[in-house]
Amino acid sequence: MSLRFTPAATLCALSALTLGYSVSALAETTLSALFMTQAAYSEADIRAMTADFTKQHPDIKVNLEFVPYEALHDKIVAARGAGDKGYDVVLFDAIWPAEFNKYGLLQDVSARIPAEESNKIFDGAISTVTYKDKRWGMPWILDTKYLYYNKAMLAKAGITTPPATWADVEKQSEILKEKGIVKYPLVWSWSQSEALLCDYTTLVSAFKGDFYKDGKLNFTNSGAMKAINYMKETLDKGLTNPNSREYLEEDVRKSFSNGDAAFALNWTYMYNMANDPKQSKVAGDVGVIPAPGETAGGASGVNGSMGLGIAKASAHPDQAWEYISYMTSQPVQNKYAKLSLPIWKSSYEDPAVQKDQEQLIAAAKTSLNVMLSRPVTADYSRLSNILQQNIQAVLQGKTPAQDGMEAATKAADRLR
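Definitions and cut-offs
- Residues numbered from 1 in each chain as written.
- Predicted model: local features only at pLDDT ≥ 70, side-chain atom pairs only at ≥ 80, totals over all residues.
- Heavy atoms only, no water.
- UniProt positions renumbered as here; feature names shortened; annotations may be inferred.
- Buried < 20%, exposed > 50% of the residue type's maximum accessible area, 1.4 Å probe, protein only.
- Helix = DSSP H or I, 4+ residues; strand = E, 2+ residues; numbered from the N terminus.
- Pairing = 2+ DSSP bridges.
- 1 Å grid on protein atoms, 1.4 Å probe; cavity = no way out; pocket = protein on both sides within 12 Å on 5 of 7 lines; lining within 4 Å.
- Points joined across faces, edges and corners; volume = space filled by probe spheres on them.
- Nonpolar A, V, L, I, M, F, W, Y, C, P; charged D, E, K, R; others polar.
- pLDDT = per-residue confidence, 0-100.
- Contact = heavy atoms within 4.5 Å.
- Axes fitted to C-alpha atoms, helices over the stretch in contact; angles between N-to-C directions.
- Salt bridge = Lys/Arg side-chain N within 4 Å of Asp/Glu carboxyl O.
- Phe/Tyr/Trp six-rings, centres within 6.5 Å; stacked < 30°, edge-to-face > 60°.
- Core = buried A, V, L, I, M, F, W, Y, C linked by side-chain atoms within 4.5 Å.
- Polar contact = N/O pair within 3.5 Å; in protein donor to acceptor, adjacent residues only side chain to side chain.

If you check an unreviewed UniProt entry, the protein appears there as Extracellular solute-binding protein from Rahnella perminowiae. Quoted verbatim from the Sequence similarities (unreviewed entry) field of the UniProt record, the comment on the protein reads "Belongs to the bacterial solute-binding protein 1 family." Note on the protein: under the UniProt heading Subcellular location (unreviewed entry), the record states "Periplasm".

So this is what it looks like as structure tokens:
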């Protein structure tokens with residue numbers, strides 16, 4: 001028996017097909033992702049990565065939002081009230097997992113990361129997304145601060161080798177100032193912000209300090225006091241640009257790139273930007289070494305790494321993880337290694353990654369192994385504000401260093 005389609009049946013079939021295509025079209029998933037517009041990957045880089053991802057995943061659309069680092073934390077916290085209408089993917093700092101875990105802001109992705117993958121990644125990167133032995137995201141930005149120096153300025157002053165210790169940095173800065181080569185040899189990001197604590201932590205690391213005593217937060221130990229005293233001394237001697245107390249990392253980069261400083265402490269991204277003649281007057285004269293230690297041969301660093309996580313309320317965790325997996329993959333990170341170095345150990349032996357940044361790669365191989373973490377606490381945001389205010393009071397000359405750090409210690413104890 002043969003089947004025959006009446007006009008009505010044919011119309012129904014066509015309608016069903018049309019409906020099928022409509023359902024398919026509506027099946028597209030839209031993700032909302034939050035990033036920052038400060039240091040590391042540029043906004044253009046992130047948009048290009050995302051465009052490549054959506055070409056490979058036409059069923060997933062990604063809406064990108066960019067905010068300054070200073071607004072990132074509060075944006076993530078505020079989005080909690082939006083439920084599944086909030087973000088799917090968020091960029092978070094190494095010092096937030098404890099707090100975010102306490103308030104249930106991120107999904108546990110431990111089961112999504114195979115052990116063999118973790119072993120290919122730097123320990124410092126993995127620690128960025130780890131809290132209570134669980135993974136709360138995938139590391140994406142592996143970063144610490146390096147000491148940049150102007151080769152031409154040092155040569156003009158008769159200085160033949162870059163500084164090996166922080167004492168050397170101070171001595172060489174005095175020579176540069178005395179010879180009139182640069183008014184303020186040193187520039188830092190010491191505004192009342194998280195950037196200040198990253199510079200401070202680097203110096204605490206250099207002077208073998210810590211943030212704890214007998215299990216409690218304490219900022220008056222020998223290394224911590226040497227760090228704050230060093231900062232204040234370079235200001236008092238006129239070696240540090242006083243505007244550093246208002247600068248963020250981009251201000252530091254611009255000052256150094258304009259030829260207004262001989263030394264600068266900054267993240268990875270500055271190396272290639274300061275060497276770009278289109279946006280730097282000192283291109284070709286940029287040197288970089290690990291932030292030094294207290295003694296020759298030593299090094300210091302702060303864990304400034306960041307991870308990509310799935311927001312707890314995301315309705316699309318699988319698609320969000322696909323996106324995160326792509327953004328953090330080795331091929332993508334290698335392709336965009338000029339502003340942020342990869343989290344993958346083997347990438348550092350890749351000639352394409354090393355090209356034109358051999359000096360930076362050499363510094364990274366040392367610095368990434370000595371990174372000191374800022375204090376780990378679920379109340380980090382309030383602790384950070386306490387430290388920022390007290391350190392600023394010292395740098396502004398409003399309070400002696402000992403008094404300022406004792407005040408910070410007492411205030412931190414009240415957070416417990």
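The subject of this paragraph is the pairing of strand β12 (residues 286-290). The buried fraction of β12 amounts to four of the five residues, a majority that puts the element mostly inside the structure. One ladder, built from five bridges, connects strand β7 (residues 146-150) with β12; its direction is antiparallel. In the strand pairing of β12, Y149 is matched with G287.

Time to look at empty space enclosed by the protein. Inspection of every chain in the model, using the stated rule, returns one cavity of 30 Å³ or more. Considered as a void within the structure, the largest cavity measures approximately 160 Å³ in volume. Considering the residues around the largest cavity, the lining is formed by 17 residues, among which M36, Y69, E249, W267 and M306 are closest to the centre. Going through the elements one at a time, α3 (69-78) and α9 (194-206) are the ones with two or more residues in the lining of the largest cavity. Broken down by class, the residue content of the lining of the largest cavity amounts to nine nonpolar, two polar and six charged.

Per-residue confidence for the protein averages 92 on the pLDDT scale, and 93% of its residues sit at or above 70. For the stretch residues 1-26, pLDDT sits under 50, and the model shows one contact to residues farther than four places along the chain or on other chains.

A few words on the environment of E233. Tracing the sequence through the fold places E233 in helix α10 (residues 222-236). Once the C-alpha coordinates of E233 and L395 are considered, the two residues, 162 residues apart in sequence, prove to be 9.2 Å apart.

Our focus in this paragraph is the sheet that holds strand β11 (residues 263-266). An order of β8-β11-β7-β12 is seen for the four strands of this open sheet, with the pairing classed as mixed. Both outer strands of the open sheet, β8 (186-187) and β12, are each paired with one neighbouring strand and no more. Its contacts with the sheet put helix α8 (residues 166-178) on β7, β8 and β11, and the angle it makes with β11 is roughly 140 degrees.

Looking now at the pattern of salt bridges. One pass over the full model with this rule turns up 16 salt bridges. A salt bridge links E43 to R47; the shortest N-O distance between them is 3.0 Å. With a gap of four residues between them, E43 and R47 both fall in helix α2 (residues 43-56), about one helical turn apart. The exposure class of R47 is partly exposed, given its relative accessible area of 41%. E294 serves as the salt-bridge partner of K226, at 2.9 Å between the closest nitrogen and oxygen. Here K226 is found in helix α10, whereas its partner E294 is found in the loop between β12 and β13 (301-302), with 68 residues between them in sequence. Residue class for E294 comes out partly exposed when judged on its relative accessible area of 30%. Residues joined in a network through salt bridges with shared partners are E170, E174, E233 and K237.

The next subject is the packing of aromatic side chains. In this structure the tally under the stated criterion is 14 aromatic pairs. Taking 6.2 Å as the distance between ring centres and 45 degrees as the angle between the ring planes, the aromatic pair formed by Y200 and F211 counts as tilted. Of this pair, Y200 sits in helix α9 while F211 sits in the loop between α9 and β9 (212-213), and the two are 11 residues apart along the sequence. Each member of the aromatic cluster is reached from another via a ring pair, and the members are W166, W188, W190, F207 and Y230.

Another point: unusual backbone geometry. Even without glycine at this site, K132 takes up a positive phi of about 55 degrees. Counting through the fold element by element, K132 comes out in the loop between β4 (130-131) and β5 (134-135). You can call K132 exposed: its relative accessible area is 60%.

The next thing to look at is the environment of A408. Here A408 shows up in helix α18 (residues 401-413). A408 sits in the buried class, given a relative accessible area of 0%. Spatially, the C-alpha atom of A408 lies 7.1 Å from that of F219, the residues being 189 residues apart in sequence.

So, on to the layout of surface pockets. If you roll a probe as big as a water molecule over the atoms, it shows you where there is empty space left. Estimates place the volume of the largest pocket at around 250 Å³. For the lining of the largest pocket, the element with the most residues is helix α17 (residues 380-395), which contributes five residues. The class makeup of the residues in the lining of the largest pocket is three nonpolar, seven polar and three charged.

Attention now moves to the nonpolar core. Residues W140, W166, L176, Y200, F219 and I228 are the most contacted members of the largest nonpolar core, which totals 130 residues. When sequence neighbours within four positions are dropped, the list of residues in contact with W140 reads F35, Y41, I46, M49, L91, M306, G307, L308, M327, T328, Q333 and I343. If you look at the next biggest cluster of nonpolar residues, it comprises seven residues, including C198, W267, Y269 and M273.

A separate point is the side chain of T144. Note on placement: T144 falls in the loop between β6 (138-141) and β7. One polar contact links the side chain of T144 to the main-chain carbonyl oxygen of V302, over a distance of 2.7 Å. Every residue in contact with T144, bar those within four places of it in the chain, is listed here: N266, W267, T268, G301, V302, S367, L368 and M371.

Once that is clear, we can look at the sheet that holds strand β14 (residues 306-310). Pairing within the open sheet is mixed, and its five strands lie in the order β2-β1-β3-β14-β6. The two strands at the open ends of the sheet, each matched to only one other strand, are β2 (60-67) and β6. Strand-to-strand twist across the sheet, computed as the mean angle between neighbouring axes with direction ignored, equals 30 degrees. Bridge count for strand β1 (residues 29-36) against β2 is eight bridges, and the pairing is parallel. From the neighbouring strand, M36 faces β2, where its bridge partner is V67.

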